[in-house]
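# Remarks on the overall topology
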Amino acid sequence: MPQDETTATEQRHRHREPPYQPRPEQMKLWPEISGNDINGLGDRDARRPRVIFWRRPSESITHGQVQEFFWSTARNPPVVDAAWERRLQTLALPMPDVAPRKTERTPGEWAELVKKAALDGEADDVGICAYKEEWTYDDRPVPKLKWAIVFAVSHDYDTLKKAPHETTYAEVIDQYTRSARVSKHVTTWIRNQGWEAEAKTGPLAEDILMIPTAIAAGLGELGKHGSMIHRKFGANFRLSVTLTDLPLVPDQPGVFGANLFCESCQVCVNECPPDAIFPTRQWVRGEPKWYVDFDRCLPYFIENQTCGICLAACPWSRPGVAQNLARKMARRLKKVAGETEAG
Ligand code: SF4
Ligand code: SF4
């Protein structure tokens, strides 16, 4: 249950006024509907997610004029343009058709081999889960492939912590590109064994949500800043996914205390310039969870061409810190579990 049973609207009113105000020329392009309503903030009933941003063409989304404002006001310095060019080249790399003959192995053997293929390539971590329909945008068909293999690649922390800055922007695009190379590499590897596989890459929203998929695959826990916290990289990473019908064995969701830690930490809440991060869990599409106010975060992101201040400020993101925090939180988790059992 959420810690606070007041409604989202009451919480917004109680929350302090944002010190940052977006420019009127951007705000006049915003639609009447709140992005938080599209995301299902305050909804007690479960439903599939609705696409809201980062989808081409802009005419296909409610916030299309805002997206066009972002693209048209981009003052990309050469370092960012070069990063986008590397990304386009990676996405254009061809992948083979599925080989006509299937190689047969046990699910356990395949899981081991597929993880080795990812880690021998450029992945920094990999996990597996059964794909769930509820992670698919409601305007797209649910993928037929049963398994999701999720890859994490870490950022250079010193570059991330300059956010918002052009080198951070370039670093983010470059890590999306690296994660795309991982996904395409593993997808190619699986197709060569005779099994179906599809690569899913960011940052544009295509058909699936990556964060809940990554959490189910054991890569981390949801943080108050709305991103996942990885047990080693904190929020300092990007994701990609390969969906496949290769028989696999799922990993278990990994609970190491990040979600619990967020209950007594306010670092990202205090660091966010537009005051977009809710301090307590909110109901979102039938689930109580940490949530970031879309209508406050996005204007700041757009006017700065990027953000990620919350990701860099998160204590779990500082190199070497996450593993120590996870050790400390293991003791707290044990205590909480003991108290729950005692009654
Ligand atoms: S990305 Fe920036 S604006 Fe958005 S929640 Fe994080 S710190 Fe706030
Ligand atoms: S900064 Fe603190 S509250 Fe925010 S996500 Fe990180 S640990 Fe959680």
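Report on the accompanying structure. (Residues numbered from 1 in each chain as written. Chains lettered and ligands numbered in written order. Predicted model: local features only at pLDDT ≥ 70, side-chain atom pairs only at ≥ 80, totals over all residues.)

## Some thoughts on the site of ligand 1
Of all residues adjacent to ligand 1, which total 13 residues, the nearest are Cys272, Cys297, Cys307, Ile309 and Cys310. Elements supplying a minimum of two residues to the shell around ligand 1: helix H12 (294–303) and helix H13 (309–313). Class assignment for the residues of the shell around ligand 1 results in eleven nonpolar, two polar and no charged. (Near = placed C-beta within 6 Å. Helix = DSSP H or I, 4+ residues; strand = E, 2+ residues; numbered from the N terminus. Nonpolar A, V, L, I, M, F, W, Y, C, P; charged D, E, K, R; others polar.)

## Structural notes on the environment of Ala74
Residue placement: Ala74 occurs in the loop between helix H4 (64–73) and helix H5 (78–91). Judged by the 13 C-beta atoms lying within 10 Å of it, Ala74 falls in the partly exposed class. Each C-alpha atom, one on Ala74 and one on Gln305, is 6.7 Å from the other, the two residues being 231 residues apart in sequence. (Buried ≥ 20, exposed ≤ 12 C-beta atoms within 10 Å, placed from the backbone.)

## Observations regarding the packing of H5 against helix H8 (residues 166–192)
Put simply, H5 and H8 touch, their axes get as near as 8 Å, and they point 10° apart. Here H5 lies roughly parallel to H8, going by the angle between them. Across the interface between the two elements, Val79, Val80, Ala83, Trp84, Arg86, Arg87, Thr90 and Leu91 from H5 touch Glu166, Thr167, Tyr169, Ala170, Ile173, Asp174, Tyr176, Thr177, Ala180 and Arg181 from H8. Of the residues assigned to the contact of H5 with H8, the class counts are ten nonpolar, three polar and five charged. (Axes fitted to C-alpha atoms, helices over the stretch in contact; angles between N-to-C directions. Parallel < 35°, antiparallel > 145°, perpendicular 65-115°, else oblique. Contact = placed C-beta atoms within 7 Å.)

## As for unusual backbone geometry
Arg56 connects to Pro57 through a cis peptide bond whose omega is -5°. Residue placement: Pro57 occurs in the loop between helix H3 (35–39) and H4. The omega torsion of the bond from Ala163 to Pro164 falls at -5°, within 30 degrees of zero and hence cis. Of note, Pro164 is situated in the loop between helix H7 (157–160) and H8. One non-glycine residue with positive phi stands out, namely Asp275, at about 60°. As for its placement among the helices and strands, Asp275 is situated in the loop between helix H11 (267–271) and strand S7 (282–284). With 19 C-beta atoms counted inside 10 Å, the residue Asp275 sits in the partly exposed group.

Purely geometric numbers; function is a separate question.
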